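Listed below are the residues making up each chain.
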Amino acid sequence: MSLALDLSGRLAVVTGGTRGVGAGIARAFLRAGAEVVICARRPPDAPVTAAGRSAHFRPLDLRDQAAVHAFFARLADEYGRLDCLVNNAGGTPYRLLGEGGAERHARVVALNLLAPLTASLAAYEVMRGGPAGGSVLMIGSVSGTRPSPGTAAYGAAKAGLDHLARSMAVEWAPEVRVNTLVLGMVRTELAALHYGDEAGIAAVGATVPLGRLAEPAEIGDACVFLASDRAAYLTGASLLVHGGGERPAFLDAATVNHSGASATAHHRTTPDDATADHPTAPGSMKGTDPTP
């Protein structure tokens, strides 16, 4: 039995798909044969391509609810279907809770929780009318599963996003499946801004049990699987894509039981890159701009 995933004839939308993890996801869908639309406030520096095909760029500010609903309505008119939405756009600058005031933190929550909610609701209106239903994928973060000092609002939003996905999965079944990918650290074209030179990137990668950062293509492959018929019974799930997670800091602080264990550094900034480029938060974007 072949495990090849063929999404030919299907349409996937990837928010923030112009660079980083989002571009990796878009390329994976292209390789699987899908038509891919990427949306962002600004176009990519170069076309997002794979397997001799290109993703179609559409400008969109995900914080504009009316524009989001109009965007998906146009897609329905143009393509006649929508099979998968990947809510990838999001991020945060590094900001302690006592800095900047509640309004700034609220914008982070709006970007990382309310914007995916808006896009999902608009996409659902298209998907539920189709013969094959659809799939919504949330790009979450390990920041939503543990304390995230300096990115607390972001972590809270990502925790909420995972819960939102589980509730959507119950409400929208069986027509639309909804799942979350919980990402750890990913090596993108902006990795040097977060981790320094190759030695720094290798040192950070060594803190992960698998010994390296994820590649955007690997995140994309996981998305393609969850969007495919091979995952037809998966909904309301949270797939950890973090290379084994973070080694507990107390294991290295202890003065016993170190045999066979490598010392690791405790990395305290946001560990996913959902179209990001803040030097102190590996998973953040500039300010609260949801799409590059």
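Heads up: these notes are all about the structure in this document. Treat the numbers as computed from the prediction; the structure is a model and nothing was measured. (Residues numbered from 1 in each chain as written. Predicted model: local features only at pLDDT ≥ 70, side-chain atom pairs only at ≥ 80, totals over all residues. Heavy atoms only, no water.)

1. A few points about helix H4 (residues 152–172)
Since one α-helical turn is 3.6 residues long, residues separated by three or four positions face the same way.
And step 1. Given a rise of 1.5 Å per residue, 21 residues ought to cover 30 Å, and the 30 Å separating the end C-alpha atoms of H4 matches this to within 8%.
And step 2. Along H4, the positions that sit buried rather than exposed are Ala153, Tyr154, Gly155, Ala157, Lys158, Leu161, Asp162, Leu164, Ala165, Met168, Ala169 and Trp172.
And step 3. Looking at the buried residues of H4, the elements they touch are helix H3 (101–127), strand S7 (134–141), strand S8 (176–183) and strand S9 (238–241). (Helix = DSSP H or I, 4+ residues; strand = E, 2+ residues; numbered from the N terminus. Expected span 1.5 Å × (residues − 1). Buried < 20%, exposed > 50% of the residue type's maximum accessible area, 1.4 Å probe, protein only. Contact = heavy atoms within 4.5 Å.)

2. Comments concerning the pattern of salt bridges
And step 1. Summed over all chains, the structure comprises 12 salt bridges.
And step 2. Here arginine 58 ties to glutamate 78 by a salt bridge, and the two come within 3.1 Å at their closest N and O atoms. On the criterion of sequence distance, the pair formed by arginine 58 in strand S5 (residues 56–59) and glutamate 78 in helix H2 (residues 65–79) is long-range, its members being 20 residues apart.
And step 3. On the basis of relative accessible area, arginine 58 is assigned to the partly exposed category, the value being 24%. (Salt bridge = Lys/Arg side-chain N within 4 Å of Asp/Glu carboxyl O.)

3. A look at helix H1 (residues 20–31)
And step 1. Spanning 12 residues, H1 covers 17 Å between terminal C-alpha atoms, matching the ideal 16 Å at 1.5 Å per step.
And step 2. Along H1, the residues that are buried comprise Gly20, Val21, Gly22, Ala23, Gly24, Ile25, Ala26, Ala28, Phe29 and Leu30.
And step 3. Directly after H1, the chain includes glycine 33, whose backbone phi takes a positive value near 100°.

4. Structural notes on the pairing of strand S2 (residues 35–40)
And step 1. Buried residues dominate S2, accounting for five of its six residues.
And step 2. Strand direction decides the pairing type here: strand S1 (residues 11–15) and S2, joined by five bridges, are parallel. Residue pairing across strands places alanine 12 opposite valine 36, the latter belonging to S2.
And step 3. Handedness of the β-α-β unit built from S1, H1 and S2 comes out right-handed. (Pairing = 2+ DSSP bridges. Right-handed = clockwise from strand over helix to strand, strands pointing away.)

5. A closer look at the environment of glutamate 218
And step 1. Examined against the element boundaries, glutamate 218 turns out to sit in helix H7 (residues 216–227).
And step 2. Distance in space between the C-alpha atoms of glutamate 218 and valine 186 is 9.3 Å, their sequence separation being 32 residues.
And step 3. Here arginine 212 takes part through its side chain, which lies 2.7 Å from a polar atom of the side chain of glutamate 218. (Polar contact = N/O pair within 3.5 Å; in protein donor to acceptor, adjacent residues only side chain to side chain.)

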